Amino acid sequence: MSKHLSEMEKEQGVHTDFKNNMTYGDYLQLDKILSSQHRLSDHHDEMLFITIHQVSELWMKLILHEIRAAIDHIEQDELDPAFKMLARVSKIQSQIIYAWDVLSTLTPSEYMEFRDKLGQASGFQSYQYRMIEFSLGYKSDYILKIYEKDPKLLKELKEAYKAPSLYDTAIKQLAKAGFDINPELLHRDYSKPYQSDPSVEEAWLAVYKDVETYWNLYQLAEKLIDIEDWIQQWRFRHMKTVERIIGHKMGTGGSSGVGYLKKVLDHCFFPELWNIRTKL
Ligand code: HEM
Ligand SMILES: N[C@@H](CC(=O)c1ccccc1NC=O)C(=O)O
């Protein structure tokens, strides 16, 4: 005869009666997450395609959460907690690069069997990706047009677009440390794209030449470089994976495809931090 359940529980040191308690699934709302994978074709590999995108969007949500909090801490001159958050962002970025290895198992023949079903949808429309770009300081207003169909989302994106970026707050820290930063940068219209400035370059150069005096600013600069470095690696792997899967076909979002993805590799978030490397 099988053992009584409570005896089993005692032996194993586990509980099995959760009738009146919140469960793992309740807490994580798994009913919602795990019922959100709806293939538009009956193609086996469309499941991989959906999963990779959903996982990437979840990580992007956490990246945004960390960057926004880091900006708030830097504004309050609390650099240590911000460093911890920015280091976490880089770890997430290093993690999501591996998604491309999984996606690369999708062959051109497999993808072409369900690509038509995607219509004009494209990662180009990923609003969390745009919010990350805005939060780091890369702003181009034509992007906002994409979201005109959805007023609530457009409002949210416009707010993110107008807000000071991580780089804006870093530049304010340079001024607070006594560097002679162009005053226009400190009261600028944050919805205008950032233009590289010689006063910022000089300040970063001084930081890197005397790291002991400016240890915190030096740490901050290296955290920014880490984040940009990982973004470039993500962009490169995206471009190469796309080339491997669709060659030089046009993108569903209306761009030239790989040609466009190669061009965005030139977008730079923290230009002075890269420039000074030649001058050190
Ligand atoms: C088979 C897989 C994929 C293909 C063929 C592909 C293709 C493309 C193409 C051609 C573009 C350019 C815009 C267009 O005309 O559509 C694009 C943009 C983009 N894709 Fe993908 N993609 C793939 C997977 C992914 C994944 C897994 C993500 C992760 C979220 C992603 C995120 C993005 C983003 C954010 C952009 C905008 C890039 C920018 O404007 O800087 N893509 N993709
Ligand atoms: N732009 C892709 C389509 C695509 O990849 C996609 C379509 C719908 C949802 C997410 C997508 N991923 C990234 O661009 C293509 O041209 O095949």
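Residues numbered from 1 in each chain as written. Chains lettered and ligands numbered in written order. Predicted model: local features only at pLDDT ≥ 70, side-chain atom pairs only at ≥ 80, totals over all residues.

Side note on the overall build of the protein chain
At step 1: Scanning the protein chain for helices and strands turns up 16 helices and zero strands.
At step 2: Along the three orthogonal principal directions, the C-alpha set of the protein chain runs to about 80 × 55 × 40 Å.
At step 3: Counted over contacts in the protein chain with a minimum sequence separation of 6, partners at least 24 positions apart contribute 68%. (Helix = DSSP H or I, 4+ residues; strand = E, 2+ residues; numbered from the N terminus. Contact = placed C-beta atoms within 7 Å.)

Observations concerning the site of ligand 1
At step 1: The environment of ligand 1 is formed by 24 residues, the closest being S122, G123, G251, G253 and S255.
At step 2: Looking at the shell around ligand 1, the elements with two or more residues in it are α4 (46-75), α14 (215-246) and α15 (258-263).
At step 3: In terms of residue count, α14 provides more of the shell around ligand 1 than any other element does, four residues in total.
At step 4: Class assignment for the residues of the shell around ligand 1 results in 12 nonpolar, 12 polar and no charged. (Near = placed C-beta within 6 Å. Nonpolar A, V, L, I, M, F, W, Y, C, P; charged D, E, K, R; others polar.)

Remarks on the UniProt feature "binding site: substrate" (unreviewed entry) in the protein chain
At step 1: Look at the UniProt record and you will see "binding site: substrate" (unreviewed entry) annotated at F49, I50, T51, I52, H53, Y111, R115 and T252.
At step 2: Relative to the helices and strands, I50 resides in helix α4.
At step 3: With sequence-adjacent residues up to four places away left out, I50 is seen in contact with Q37 and R39. (UniProt positions renumbered as here; feature names shortened; annotations may be inferred.)

Quick word on the site of ligand 2
At step 1: If you check the shell around ligand 2, you find H53, R115, L118, A121, S122, G123, I246, G251, T252 and G253 and nothing else.
At step 2: In the shell around ligand 2, the residues fall into three nonpolar, six polar and one charged.

A word on the UniProt feature "binding site: heme" (unreviewed entry) in the protein chain
At step 1: Those residues carrying the UniProt feature "binding site: heme" (unreviewed entry) are H238 in this numbering.
At step 2: For H238, the position within the fold is in helix α14.
At step 3: You can call H238 partly exposed: it has 19 C-beta atoms within 10 Å. (Buried ≥ 20, exposed ≤ 12 C-beta atoms within 10 Å, placed from the backbone.)

Points about the environment of L220
At step 1: Within the fold, L220 resides in helix α14.
At step 2: Taking the number of C-beta atoms within 10 Å as the measure of exposure, L220 has 23 and is therefore buried.
At step 3: Separated by 141 residues in sequence, L220 and L79 place their C-alpha atoms 8.0 Å apart.
At step 4: Beyond its immediate sequence surroundings of up to four residues, L220 is in contact with L79, A170 and Q173.

Side note on helix α16 (residues 271-279)
At step 1: All buried positions along α16 are accounted for by E272, L273 and I276. Relative to the axis of α16, the buried residues are bounded by an arc of 100 degrees and lie together on one face. Summarising the geometry of α16, the exposed residues directed more than 90 degrees from the buried face are R277 and T278.
At step 2: Among the structural elements, α13 (198-209) and α14 are those in contact with the buried residues of α16. (Arc of directions from axis to C-beta.)

Description of unusual backbone geometry
At step 1: If you check the backbone angles, Q29 has positive phi at about 50 degrees while not being a glycine.
At step 2: Q29 sits in the exposed class, given 9 other C-beta atoms within 10 Å.
At step 3: Phi is positive for D77, which is not a glycine, with a value near 65 degrees.
At step 4: Inspection of the secondary structure assignment puts D77 in the loop between α4 and α5 (79-96).

What about the packing of α4 against α5?
At step 1: At their nearest, the axes of α4 and α5 sit 8 Å apart, and the two run at 160 degrees to each other. Between α4 and α5, the angle falls in the class roughly antiparallel. α4 and α5 meet at a crossing whose hand is left-handed. Across the interface between the two elements, S56, W59, L62, I63, E66, I67, A69, A70, H73 and I74 of α4 pack against L79, P81, A82, M85, L86, R88, V89, I92 and I96 of α5.
At step 2: Across the contact of α4 with α5, the residue classes tally to 15 nonpolar, two polar and two charged. (Axes fitted to C-alpha atoms, helices over the stretch in contact; angles between N-to-C directions. Parallel < 35°, antiparallel > 145°, perpendicular 65-115°, else oblique. Left-handed = near helix turned anticlockwise from the far one by under 90°.)

Focus on the environment of L62
At step 1: Inspection of the secondary structure puts L62 in helix α4.
At step 2: Under the C-beta neighbour-count criterion, L62 is labelled exposed, with 12 such atoms within 10 Å.
At step 3: In this structure the C-alpha to C-alpha distance between L62 and D17, which are 45 residues apart in sequence, comes to 33 Å.

Some thoughts on the environment of L265
At step 1: Among the secondary structure elements, L265 is positioned in the loop between α15 and α16.
At step 2: Sequence separation between L265 and W234 is 31 residues, and the spatial gap between their C-alpha atoms is 9.8 Å.
At step 3: Those residues in contact with L265 that lie beyond four places of it in its chain are Q232, R235, F236 and M239.

Side note on the nonpolar core
At step 1: A70, L166, Y167, A170, W204, A221 and L224 are the most contacted members of the largest nonpolar core, which totals 32 residues.
At step 2: Counting residues per element, the ones that place at least two in this core are α4, α5, α11 (166-176), α13, α14 and α16. (Core = buried A, V, L, I, M, F, W, Y, C linked by C-beta atoms within 7 Å.)

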